Amino acid sequence: MATPAPHDEQARFDAVIAADEKIEPRDWMPEKYRRNLVRQISQHAHSEVVGQLPEGNWITRAPSLRRKAILLAKVQDEAGHGLYLYSAAETLGTSREEMLDDLLEGRAKYASIFNYPTLSWADVGAIGWLVDGAAIVNQISLCRTSYGPYARAMVRICKEESFHQRQGYEIMQTLAQGSPEQQAMAQDALDRWWWPTLMMFGPHDADSAHTQQSMQWKIKRQSNDELRQKFVDQTVEQAARIGLTIPDPELRWNEARGHYDFGEIDWDEFQRVLGGNGPCNRSRMRDRRRAHEDGAWVREAMLAHAEKHNRRAAGAAA
Ligand code: BYC
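Residues numbered from 1 in each chain as written. Predicted model: local features only at pLDDT ≥ 70, side-chain atom pairs only at ≥ 80, totals over all residues. Heavy atoms only, no water.

Peer 1: Run through the packing of aromatic side chains, naming residues and quoting values.
Peer 2: To describe a pair of aromatic rings, you give the distance between the ring centres and the angle between the ring planes. Scanning all chains against the criterion turns up nine aromatic pairs. Geometrically, the ring pair formed by Trp129 and Tyr169 is tilted, given 5.7 Å between the ring centres and 55 degrees between the ring planes. Linking Trp129 in helix H6 (residues 121-142) with Tyr169 in helix H7 (residues 148-176), this pair joins segments that are 40 residues apart in sequence. Neither residue differs from the other here; Trp129 and Tyr169 are each classed as buried. An angle of 85 degrees between the planes, with centres 5.4 Å apart, marks the rings of Trp267 and Phe270 as edge-to-face. (Phe/Tyr/Trp six-rings, centres within 6.5 Å; stacked < 30°, edge-to-face > 60°. Helix = DSSP H or I, 4+ residues; strand = E, 2+ residues; numbered from the N terminus. Buried < 20%, exposed > 50% of the residue type's maximum accessible area, 1.4 Å probe, protein only.)

Peer 1: Would you mind going over the side chain of Thr197 in detail, with residue names and values included?
Peer 2: Turning to its location among the elements, Thr197 is positioned in helix H8 (residues 180-199). Judged by its relative accessible area of 0%, Thr197 falls in the buried class.

Peer 1: Provide a residue-level description of the state of the cysteines, including the pertinent values.
Peer 2: Counted according to the given criterion, the structure contains zero disulfides. Summary of cysteine pairing: Cys143 is not part of a disulfide, and the nearest cysteine sulfur, belonging to Cys158, is at 3.9 Å. (Disulfide = S-S within 2.5 Å.)

Peer 1: Explain the nonpolar core residue by residue, including any values.
Peer 2: Residues Trp193 and Trp194 are the most contacted members of the largest nonpolar core, which totals 51 residues. Those elements that place two or more of their residues in this core are helix H4 (65-90), H6, H7, H8, helix H10 (224-241) and helix H11 (267-274). Take this core: its biggest share by element is ten residues, from H6. If near-sequence neighbours (up to four positions away) are discounted, Trp193 is found in contact with Ile113, Tyr116, Pro117, Thr118, Asp123, Ala126, Ile127, Leu130 and Val131. With 25 residues, the next largest nonpolar core counts Ile41, Ala45, Val49 and Leu85 among its residues. (Core = buried A, V, L, I, M, F, W, Y, C linked by side-chain atoms within 4.5 Å. Contact = heavy atoms within 4.5 Å.)

Here's what the structure looks like:
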């Protein structure tokens, strides 16, 4: 069969997007669509993997065996999410080695939120409740993204994230109903994690470099500000239910809009963190590089095993 001319390919791509169907790995796609997806999916994968570090910090100090088992499982889930996402990005023709090099050499971003420290046990609750809560709002929307492998990875990840969110909320609820010291610890964690969580949704739509094009291609289905608003609206009520106060004096219900109004994010802080100067940027990258180096023997052993397997299979076929 003759290869269709490029304008036919473009027309088919446009028709698939317009019909809300999925683009699959073997389909023709504009080069900029492919590159934008690799950028977003690989950043998402890096976030899952680096995101293990702040919570991993508390595995040895979880307050009970039950809490430790749950936290271990959650941190392990994050590694799995990274794997699904790296695999989805690999279907676009970029190797995992290239993506990892970009992260380890500081060329690729990961979510700004993971550059903040986990100072108390309540921070583990706050991450589950707020950070996973924000991630779900974003990822439910991404379940309808136009690239098939990314959309399918999101469906599975969202199922696990909802468990993560509930375990975090349950930690906060327990602390908020506990002693005055425990209540203060829960409130302090909310005070420190609230604003960085709102930054997870990215810059305002007007300042977002990629939103307009990504929405046209249906890579993103809702904008940064729309998703941030959705998160605020659902979380205000959750905080009230456990007696915690969101640290924003401007937060109030706006009857006319049907949404909560909220204060302005400190965008200078956001830019500092993105520029590598957040509280933990350097230690996160140092720990990630060390983990990568420590894992070299596993990668070598897997390669050696695959080669042995291939040699045996070739011998059997000869
Ligand atoms: N942090 O044009 P924009 C988790 C960058 S992990 C860092 O709006 P876009 C979890 C952005 O990349 C879940 N960088 O970009 C794991 C771009 O830079 P480049 C993580 C940010 O892509 C463990 C520039 O700023 N979720 O749940 O249209 C334990 C301009 O931004 C951030 C995802 O990754 C940020 N917060 O929209 C617990 C979701 N915001 O690439 C939990 C997938 C913006 O041009 N990603 N930047 O150099 C997305 O949905 C979108 O990429 C974003 C940004 C909404 C994040």
